[in-house]
Each structure stands twice: as structure tokens, then as C-alpha cells.
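A structural walkthrough
Listed below, chain by chain, are the residues.
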Amino acid sequence: MKITRLTLWKVALTSHETYYMASGKTCDTVDTIVLRIDTDEGLSGWGEVCPIPHYLPAYANGVLPAIEEMASVLLGADPVGPEALMAKLDAHLVDHRYAKSPIDIALWDITAKKAGLPLYSLLGGKRQEHLPLYHSITCVEPDEMARMAKDAHAKGMRQFQAKLGADNDWQRDVERLKKVR
Amino acid sequence: MKITRISVYHVDLPLEHPYWLSGGRLKFEVLDATIVKIETDAGVTGWGEGTPWGHTYVPAHGPGIRAGIETMAPFVMGLDPRKVLEVERAMDLSLPGHLYAKSPIDMACWDIAGKVAGMPIADLMGAGSRTPKPIASSVGAKTIEETRDVMERYRSRGYVAHSVKIGGNVERDIARVQDVESIRKPGEIVLYDVNRGWTRQQALRVMSACENLNVMFEQPGETLDDIAAIRNKHASPVSLDECLVTLQDATRAARDGLAELFGIKLNRVGGLTKAARIRDVALSHGIDMFVMATGGSVLADAEALHLAATIPDDNCFAVWACQDMLTVDIAGGRGPRNIDGHLHLPEEPGLGVEPDESTLGDPVAVYGAEA
């Protein structure tokens with residue numbers, strides 16, 4: 001099997017609630033990068049990376065040029081058994097792991113489709129039927145954060161993450177924690 | 001004073017000779033340079049450059065510099081470029097990591113600060129030594145005979161500092177080190193640069209065999225952990241290069257005694273502002289330095305020269321002139337040039353060299369006020 005084409009989309013994702021974190025970092029709309037890898041056998045694989053802005057050494061604008069840099073290695077290569085091809089990418093463009101992650105995901109998608117198995121079977125098998133979600137609460141007014149936690153709880157959420165520090169006021173952070181708790 | 005516009009240029013800098021990196025990594029013939037022009041409301045303009053040594057050497061590539069600047073530009077627009085720490089913090093807040101994308105902006109800000117102060121950058125940073133800095137050669141030969149030929153060619157042009165590339169074959173490496181030492185002249189500085197090309201056993205075998213020669217090795221393993229693991233099993237001074245990126249790398253190496261030399265490459269560590277801190281860690285721990293561009297034109301060489309000039313002469317072994325490996329010159333012969341194997345600090349304010357805009361083509365991106 002050979003990779004014949006890479007298609008990339010940049011999609012703006014707007015969250016239900018604007019996300020405020022410490023140090024003045026804010027997320028309302030974030031760009032996600034979606035990748036499709038096509039092959040000469042008709043199988044395609046999908047990958048995605050959605051870096052939270054100003055958060056880690058990863059950003060949406062850096063993904064496209066990095067994948068473009070790696071395209072010459074990918075096109076014509078065998079996508080089945082992702083680690084061999086990922087090692088070639090590591091030699092071709094040092095680090096930039098966030099830009100490589102959608103490729104890795106898409107290669108695993110193709111590999112699993114080729115095997116006719118869900119991906120978890122290739123990764124060691126299924127141990128759990130259902131995985132709980134957690135809910136992340138933006139750093140706003142303490143009462144508003146408590147309301148968000150209650151709403152999410154009513155929808156079945158049992159794990160929560162509360163963002164603190166956006167207004168640099170530790171006493172309000174204590175209040176946030178107490179009320180959300 | 002405020003930054004009003006950032007123009008980004010993409011220039012291909014062809015190498016005179018194609019370059020093969022060690023370990024079967026890709027051959028390349030062209031360096032991808034990003035030249036940055038920062039304009040201000042005071043009419044002062046600064047220039048910066050970021051030119052990685054290809055994309056297979058360290059985590060850096062030309063398109064990544066340009067994408068990083070696109071992301072950071074709105075955050076540095078309107079700042080006072082002379083307040084380099086404020087610019088640095090704005091860049092670090094808007095884009096964690098990616099130090100290589102930040103260095104051209106930092107460099108252009110220092111150029112502006114120097115021009116406004118009427119001083120060369122090195123003087124503005126506190127100490128600009130006028131002692132000409134030896135340029136290190138880059139001896140990439142494989143055999144003993146070729147190594148001798150290449151070194152002789154450099155010597156005839158005045159070079160007294162040499163970076164001899166080794167790695168990959170224990171017996172050949174030992175033989176080449178022994179031969180170079182047998183022809184080394186008094187006063188010549190030779191650094192044996194492994195470029196991460198040894199595993200731990202290879203490193204120990206070569207370093208042990210060369211122990212009586214009293215030589216220095218650069219980057220004798222892939223990571224700081226590799227270098228730390230063999231630290232107490234050999235007697236050779238070690239220089240850190242590729243894995244010296246952050247201030248934390250420098251402090252770890254200084255505290256744990258992992259290196260006696262630092263190879264500070266400006267683009268890799270994020271520019272002059274961040275490099276100056278690494279310099280101070282080195283000076284306060286008895287660590288000597290080589291200071292270089294990762295690659296690029298006379299602009300990048302000049303940036304490195306300014307930092308080198310702020311280091312006491314005895315603690316700075318050599319700089320580099322990547323410009324001599326290129327077939328194009330974007331600055332029409334201006335700026336610090338190779339004179340008998342040395343670079344001389346420019347006396348003009350700021351960086352001391354500007355490119356000919358006609359050689360840069362149209363900018364690939366412009367942020368801020370329209371022309």
C-alpha cells in the first residue's frame with residue numbers, strides 16, 4: 001500500500017463557553033487541523049490536532065508548514081505499521097511532535113482498517129466498555145462556576161477540573177474551589 | 001517608540017558545496033533563510049535573521065519560523081522594541097517553545113536598540129571587545145588524508161580554530177584524532193565535533209584512547225542524559241552544542257558538571273536575550289564558549305559576533321562564518337567579513353550590517369500598518 005495524497009483542513013471550533021485560564025490566556029475559538037491520508041488501495045485514514053492557543057509548545061499555524069515539510073517522505077510510503085514511517089519523519093524533521101501527531105493517528109487508522117479491526121485491538125485490546133468524561137470549568141465568577149458544575153453534574157459528569165488564577169486573586173480562587181466542590 | 005510593522009522575507013541561500021549531515025541524514029544544498037524587518041513609529045528599522053541548518057539537525061525549519069512569526073506578530077505589535085524583555089515575554093506568552101522562531105524578532109529589536117543608542121549591540125549589552133574573534137573552520141572530511149588537506153586549506157586562509165567532524169566509526173575516529181593532534185600547531189584550537197554521532201560505548205572507547213592527547217569533544221552523545229551517563233568514566237573536556245537549548249539545559253549542565261564548554265548557537269537558543277543568560281551561567285561556572293549562528297548570512301554571523309564580543313576574550317574560543325559557505329551575499333560585502341580567519345566587531349550602531357532589500361524579493365508576509 002502506498003500513500004497517494006494528503007489533504008488538510010483548518011477548521012475554527014467555537015466553544016460553548018469562553019475559556020479563561022491563568023496568565024491572561026483565553027480561548028473562545030480555536031483552530032483545529034484535520035488530516036486525511038489517501039492510499040492507492042482506496043483506504044483513507046483520518047487524523048486531527050487541535051492545539052490550545054498559548055498553552056504548550058504547539059500551535060495550529062505550525063502544523064501545516066511542518067506537514068508540508070514532511071510530505072515528500074510520506075507520499076509513496078507504506079502507511080501500514082506506523083512506527084517505521086514515523087521514525088523516518090523524526091529523522092527528516094526533528095521534533096515538532098504535535099505536527100506529527102495527526103499523521104500518526106491517520107496511519108494507525110489506515111493500519112487498523114487494513115487489519116479489519118478496531119484500533120484498540122491493535123493497541124492491546126479492550127479493557128473497558130465505557131470511559132467517563134471529565135468537565136473543565138472556565139475561570140469566571142465563583143457562583144457561575146458552581147452553576148456550570150451543577151449543570152454538568154446533572155448531565156452525568158462526575159469528574160471536574162476547575163481553572164484558577166485568571167484574575168490573580170487567591171481568595172477568589174479559594175471561593176471558586178469551595179463553591180465548585 | 002512602537003513596533004508598527006513586521007515584514008518577513010524568505011531567501012534561499014545556496015551552499016557552495018552540498019552538505020551531508022552525519023548518520024545518513026538528508027543531504028542539502030540550500031539554506032532556508034528568514035529575514036525579518038521591524039519598522040517603528042520613530043522611523044528606525046531593525047533587521048533579524050533566522051536560518052536553521054536544514055530541518056534534520058535540530059528542531060527547527062524555515063517554514064516553522066515564518067509560521068511562528070505569524071502567530072506572535074499581533075502580540076509584539078505596538079511594543080517598544082528597545083524593551084527586549086517585554087518583547088521576549090510577549091513572544092513566550094503567545095507561543096510557548098519554538099525558540100528558533102523568536103530569535104529573528106529578538107535580533108531585530110536589539111538592532112533597533114543599538115541604532116537608537118548609537119552603539120554597537122555588543123557595547124549596548126555591556127562590553128564589546130574589539131579583539132578579532134577567530135573563526136572556526138568546519139572540517140567535514142572522512143579520511144586522514146582529506147582531513148589534512150582541508151585543514152591545510154583553512155590554515156592558508158589564516159584559520160587558527162578548527163571544528164573537526166568525527167563520529168560513527170571508533171577506529172577511524174581514534175586514528176583521525178591522533179593524526180590531527182600530531183600536526184596541530186602551537187596556539188591552534190581544535191574541537192572534535194561528534195554531532196551526537198556516538199553511542200555511549202563508542203564515546204567511551206574513543207575518549208579513553210585519546211586521553212593522553214588532552215583534547216576536547218563536542219556533543220559526544222545524543223542527549224544530556226547520555227553525556228551525563230559517561231561523565232565520570234572519561235577525562236576529556238566536553239562541549240555541549242545541540243542539546244544546549246534552554247536556560248534550564250545550561251543550569252543543569254553547569255550544576256551537574258556535564259560540560260566544560262558551551263557551543264551557543266543564537267537561533268537555536270532563541271536570540272541574544274536568551275543567549276546572554278546562558279553566557280552568564282557559563283561564566284559563573286568556569287565554562288568557556290564558542291558562539292555561532294546556526295547558519296545563514298552575514299547578518300546571522302554578525303549577531304553571534306556581538307554576543308561573542310561581550311564574553312571576556314579568554315573565555316570565548318571562536319566564532320563561525322557561515323557566510324563563507326554560501327554563493328550569495330545579501331549585504332553586498334558589508335558587515336563583518338573573514339579577514340585572515342577572524343571577524344572584527346562592526347563599529348556602526350546596532351547590528352552593523354543591513355541587507356540589500358533588492359536581494360530579498362517581495363516579503364512573503366507583512367504584519368501591521370500597510371505600506
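Rules of the game
Residues numbered from 1 in each chain as written. Chains lettered and ligands numbered in written order. Predicted model: local features only at pLDDT ≥ 70, side-chain atom pairs only at ≥ 80, totals over all residues. Heavy atoms only, no water. Helix = DSSP H or I, 4+ residues; strand = E, 2+ residues; numbered from the N terminus. Rg over C-alpha atoms; globule rule 2.2 N^0.38 Å. Buried < 20%, exposed > 50% of the residue type's maximum accessible area, 1.4 Å probe, protein only. Patch = residues over 30% accessible without salt bridge, like charges linked within 9 Å, V, L, I, M, F, W, Y side chains within 5 Å. Areas by Shrake-Rupley, 256 points an atom, 1.4 Å probe, with all protein chains shown as cover. Salt bridge = Lys/Arg side-chain N within 4 Å of Asp/Glu carboxyl O. 1 Å grid on protein atoms, 1.4 Å probe; cavity = no way out; pocket = protein on both sides within 12 Å on 5 of 7 lines; lining within 4 Å. Points joined across faces, edges and corners; volume = space filled by probe spheres on them. Nonpolar A, V, L, I, M, F, W, Y, C, P; charged D, E, K, R; others polar. Contact = heavy atoms within 4.5 Å. Axes fitted to C-alpha atoms, helices over the stretch in contact; angles between N-to-C directions. Parallel < 35°, antiparallel > 145°, perpendicular 65-115°, else oblique. Left-handed = near helix turned anticlockwise from the far one by under 90°. Core = buried A, V, L, I, M, F, W, Y, C linked by side-chain atoms within 4.5 Å. Pairing = 2+ DSSP bridges.

**Here we look at the overall build of chain A**
In terms of regular secondary structure, chain A is built from six helices and five strands. Order of helices (α) and strands (β) in chain A, N terminus to C terminus: β-β-β-α-α-α-α-β-α-β-α. Computed over the C-alpha atoms, the radius of gyration of chain A is 20 Å, more than 25% above the 16 Å expected from 2.2 N^0.38 for a compact globule of 181 residues. Summarising its shape, the C-alpha atoms of chain A cover approximately 60 × 35 × 25 Å along the three principal directions. Considering chain A as a whole, with its 181 residues, one finds that 40% of them fall into the buried category.

**Section: a nonpolar patch on the surface**
All names here are of chain A. Nonpolar side chains collect at one region of the surface, where Trp9, Val11, Leu13 and Trp46 lie side by side and expose about 350 Å² of accessible area between them. At three residues, the largest contribution of residues to the nonpolar patch is made by strand E1 (residues 3–20). On the secondary structure map, Trp9 appears in strand E1. On the accessibility criterion, Trp9 (35% relative accessible area) is partly exposed.

**Brief notes about the pattern of salt bridges**
Under the defined criterion, the tally for this structure stands at 45 salt bridges over all chains. Between Glu354(B) and Lys115(B) there is a salt bridge, with its nearest N and O atoms 2.5 Å apart. Here Lys115(B) lies in helix H3 (residues 99–117) and Glu354(B) lies in the loop between strand E13 (342–343) and strand E14 (365–368), a separation of 239 residues in the sequence. Among the ionic contacts, a cluster of salt bridges with common partners joins Glu141(A), Asp167(A), Arg172(A), Asp173(A) and Arg176(A).

**Details of empty space enclosed by the protein**
Residue and element names in this part refer to chain B. Summed over the entire model, instances satisfying the criterion amount to one cavity of 30 Å³ or more. By volume, the largest cavity amounts to about 30 Å³. Contributing elements (two or more residues each) for the lining of the largest cavity: strand E3 (45–50), helix H10 (266–269) and helix H12 (298–309). Looking at side-chain class alone, the lining of the largest cavity contains three nonpolar, five polar and two charged residues.

**As for the environment of Asp28(A)**
All names here are of chain A. With respect to the helices, strands and loops of the structure, Asp28 is situated in strand E2 (residues 26–39). Residue classification places Asp28 among the partly exposed residues on the basis of a relative accessible area of 43%. Placed 13 residues apart in sequence, Asp28 and Ser15 show a C-alpha to C-alpha distance of 5.8 Å. Beyond its immediate chain neighbours, meaning those up to four positions away, Asp28 contacts Leu13, Thr14, Ser15 and Thr18.

**Some remarks on the packing of helix H1 (residues 62–76) of chain B against helix H2 (residues 84–94) of chain B**
Residue and element names in this part refer to chain B. Contact geometry of H1 with H2 gives a least axis separation of 9 Å together with a crossing angle of 130 degrees. One way to sum up the angle between H1 and H2 is to call them oblique. The handedness of the crossing between H1 and H2 comes out as right-handed. Every residue of H2 that contacts H1 at Thr71, Met72, Phe75 and Val76 is listed here: Val87, Ala90, Met91 and Ser94. Grouping the amino acids of the contact of H1 with H2 by side-chain chemistry returns six nonpolar, two polar and no charged.

**Here we look at the nonpolar core**
With 151 residues, the main nonpolar core has Ile103(A), Ile6(B), Trp53(B), Phe217(B) and Phe262(B) as its most contacted residues. Leave out the neighbours within four places in its chain, and Ile6(B) touches Val36(B), Lys37(B), Ile38(B), Ile69(B), Ala73(B), Val76(B), Met77(B), Ala365(B), Val366(B) and Tyr367(B). Listed in part, the six residues of the second largest apolar core include Val140(A), Met148(A), Ala149(A) and Val180(A).

**With respect to the sheet that holds E2(A)**
All names here are of chain A. Pairing within the open sheet is antiparallel, and its three strands lie in the order E1-E2-E3. Strand pairing shows two members of the sheet lacking a second neighbour, E1 and strand E3 (44–49), which therefore form its edges. Ignoring strand direction, the axes of neighbouring strands in this sheet form an average angle of 20 degrees. Here E1 pairs with E2 via 13 bridges, running antiparallel. Across the sheet, Leu8 pairs through a bridge with Leu35, a residue of E2. Against the sheet, helix H1 (residues 60–74) touches E1, E2 and E3, its axis set at about 165 degrees to E1. On the sheet, helix H3 (residues 97–115) packs against E1, E2 and E3 and is oriented at approximately 150 degrees with respect to E3.

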